[in-house]
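Given next are the chains, with one letter for each unit.
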Amino acid sequence: MIVSTENGLYCPAGDFYIDPWNPVRRAVITHAHGDHARPGNDHYLCVRSCEGILRYRMGDDVSVQTVEYGESIGMNEVRLSLHPAGHILGSAQVRLEHKGEVLVVSGDYKRQPEATCPPFEPLRCNTFLTESTFGLPIYKWAPDQIIFDQINSWWSKNKADGKASVLLAYSLGKAQRILMGIDARIGPIYTHGATEAINEIYRASGLKLPETSRVALTSKSTGFAGALVLAPPSVQNTAWMRRFGSQSVAFASGWMKVRGMRRRSAVDRGFALSDHADWPGLLGTIQETGAEQILITHGYSDTLARYLQEQGINASTVETQFQGESEAPAENDQSSEPEADR
Ligand SMILES: [Zn+2]
Ligand SMILES: [Zn+2]
């Protein structure tokens, strides 16, 4: 039902691509991260809650058709529906049905429920195409509240020491999940323009994020001691960081689970908070689908495929250009990430 082509995953019976990396006529988009939603397609199809972010990133004039979660539509010979993936606002799994066969493309997903998007919906299918960004047994996430408590106490300690707390986090998804989880009473919260632009879209969708102020709009005399500053990883080691004076810098990412990654990222603190499934989450999800065939992409696909094969599961890898959370923080805060604080 789906084939890997030079433009990306293609469904011949439906004549559309899923998250294509080259411009095509019809693109079904699982979510608006830069490695999944790319510019230049003639028509986009996504879930309704994705539209605002997609238009912000692709341009207001693109042709976008939206559906509700669970709404089934015909695409030539195929029935298509989109279902919650629990990854970020507007993220979806793609369910395809053709001649009695069901195939699900997971997109990026995570299993812990959180405040910014509806939880992942397990779907039964014959074939399940899963991501594997964190497909190694070492990746097992702590409950969100433990991570948020760590962030709160790091922020409080910095405040007591008269420092600013600069927290690097992807501007789409991670930053808003952090805002919903932290204790906003600790101090004022400032944001980079790229983060604030996404905050506004989340707020427009009905999410009650705590109050934030754009760094670029503060007066010259503003002091940042005791404040939290949320910014994309691309600002690390740039002149933009200087205005905060005495500061502690932290990075929130699944990669922070690994000490070597923390050291290489050269930040003072790492918080292991990921928007992807961990190892138990991947295995549990694969089991829940009841699928007889597992296709794996996006990350440690070889390791996960080998592990599943050893369990007697029919698993193989599929090549894509999806990158997940890159190990080098600056590399992957989405291709369309504005570098300057506009
Ligand atoms: Zn993503
Ligand atoms: Zn991805």
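## Description of the packing of aromatic side chains
Reasoning step 1: This structure, assessed with the given rule, holds 16 aromatic pairs.
Reasoning step 2: When the ring of Phe134 is compared with that of Trp255, the centres are 4.5 Å apart and the planes differ by 50 degrees; the resulting orientation is tilted. Taken together, the residues Phe134 in the loop between β11 (127-132) and α2 (144-160) and Trp255 in the loop between β16 (247-252) and α5 (259-265) connect sequence positions 121 residues apart. Taken as a pair, Phe134 and Trp255 share a single burial class, namely buried.
Reasoning step 3: With centroids separated by 5.9 Å and ring planes inclined at 50 degrees, the aromatic side chains of Tyr139 and Trp141 adopt a geometry described as tilted.
Reasoning step 4: Since its relative accessible area comes to 1%, Tyr139 is described here as buried.

## A closer look at the coordination of the zinc ion (ligand 1)
Reasoning step 1: Bound to the zinc ion (ligand 1) are the protein donor atoms His31 (NE2), His33 (ND1), His87 (NE2) and Asp108 (OD), situated 2.2 Å from the metal.
Reasoning step 2: For the zinc ion (ligand 1), the four donor atoms are set out with angles of 90 to 165 degrees between them, so the coordination reads as irregular.
Reasoning step 3: Sequence spacing of the donor residues for the zinc ion (ligand 1), all on one chain, is H-x1-H-x53-H-x20-D.
Reasoning step 4: Here the zinc ion (ligand 1) and the zinc ion (ligand 2) are spaced 3.6 Å apart, and both take Asp108 as a donor. You can see His87 sitting in the loop between β8 (78-84) and β9 (92-98) and its partner Asp108 sitting in the loop between β10 (101-105) and β11, a full 21 residues away along the chain.
Reasoning step 5: By relative accessible area, which is 1% here, His87 ends up buried.

## A few points about the domain arrangement of the chain
Reasoning step 1: What the domain assignment lists for the chain is domain 1 (3-139 + 275-332) and domain 2 (144-271).
Reasoning step 2: If you look at the interface, domain 1 gives 26 residues, while domain 2 gives 27 residues.
Reasoning step 3: Taken together, the connections running from domain 1 to domain 2 amount to one salt bridge.
Reasoning step 4: Here Arg177 ties to Asp275 by a salt bridge, and the two come within 2.6 Å at their closest N and O atoms.
Reasoning step 5: Here domain 1 is connected to domain 2 by three residue pairs in polar contact (both at pLDDT 80 or more).

## As for the sheet that holds strand β7 (residues 73-75)
Reasoning step 1: The strand order across the open sheet formed by seven strands is β7-β8-β9-β10-β11-β18-β19, and the pairing between neighbours is mixed. Looking along the sheet, the strands with just one partner apiece sit at the ends: β7 and β19 (314-317). Taking each pair of neighbouring strands and ignoring which way they run, the sheet shows an average axis angle of 25 degrees.
Reasoning step 2: Bridge count between strand β18 (residues 293-299) and β19: four bridges; the pairing is parallel. Its bridge partner being in β19, Ile294 is matched across the sheet by Ala315.
Reasoning step 3: Here helix α6 (residues 279-289) sits on the sheet and contacts β11 and β18; the angle it forms with β11, its principal contact strand, is near 170 degrees.

So, how was this worked out
- Residues numbered from 1 in each chain as written.
- Chains lettered and ligands numbered in written order.
- Predicted model: local features only at pLDDT ≥ 70, side-chain atom pairs only at ≥ 80, totals over all residues.
- Heavy atoms only, no water.
- Phe/Tyr/Trp six-rings, centres within 6.5 Å; stacked < 30°, edge-to-face > 60°.
- Helix = DSSP H or I, 4+ residues; strand = E, 2+ residues; numbered from the N terminus.
- Buried < 20%, exposed > 50% of the residue type's maximum accessible area, 1.4 Å probe, protein only.
- Donors = N, O, S within 2.8 Å, 3.2 Å for Na, K, Ca; no water.
- Tetrahedral: all angles 85-135°; square planar, octahedral: opposite > 155°, others 65-115°.
- Domains from an automatic or database assignment.
- Contact = heavy atoms within 4.5 Å.
- Salt bridge = Lys/Arg side-chain N within 4 Å of Asp/Glu carboxyl O.
- Polar contact = N/O pair within 3.5 Å; in protein donor to acceptor, adjacent residues only side chain to side chain.
- Pairing = 2+ DSSP bridges.
- Axes fitted to C-alpha atoms, helices over the stretch in contact; angles between N-to-C directions.

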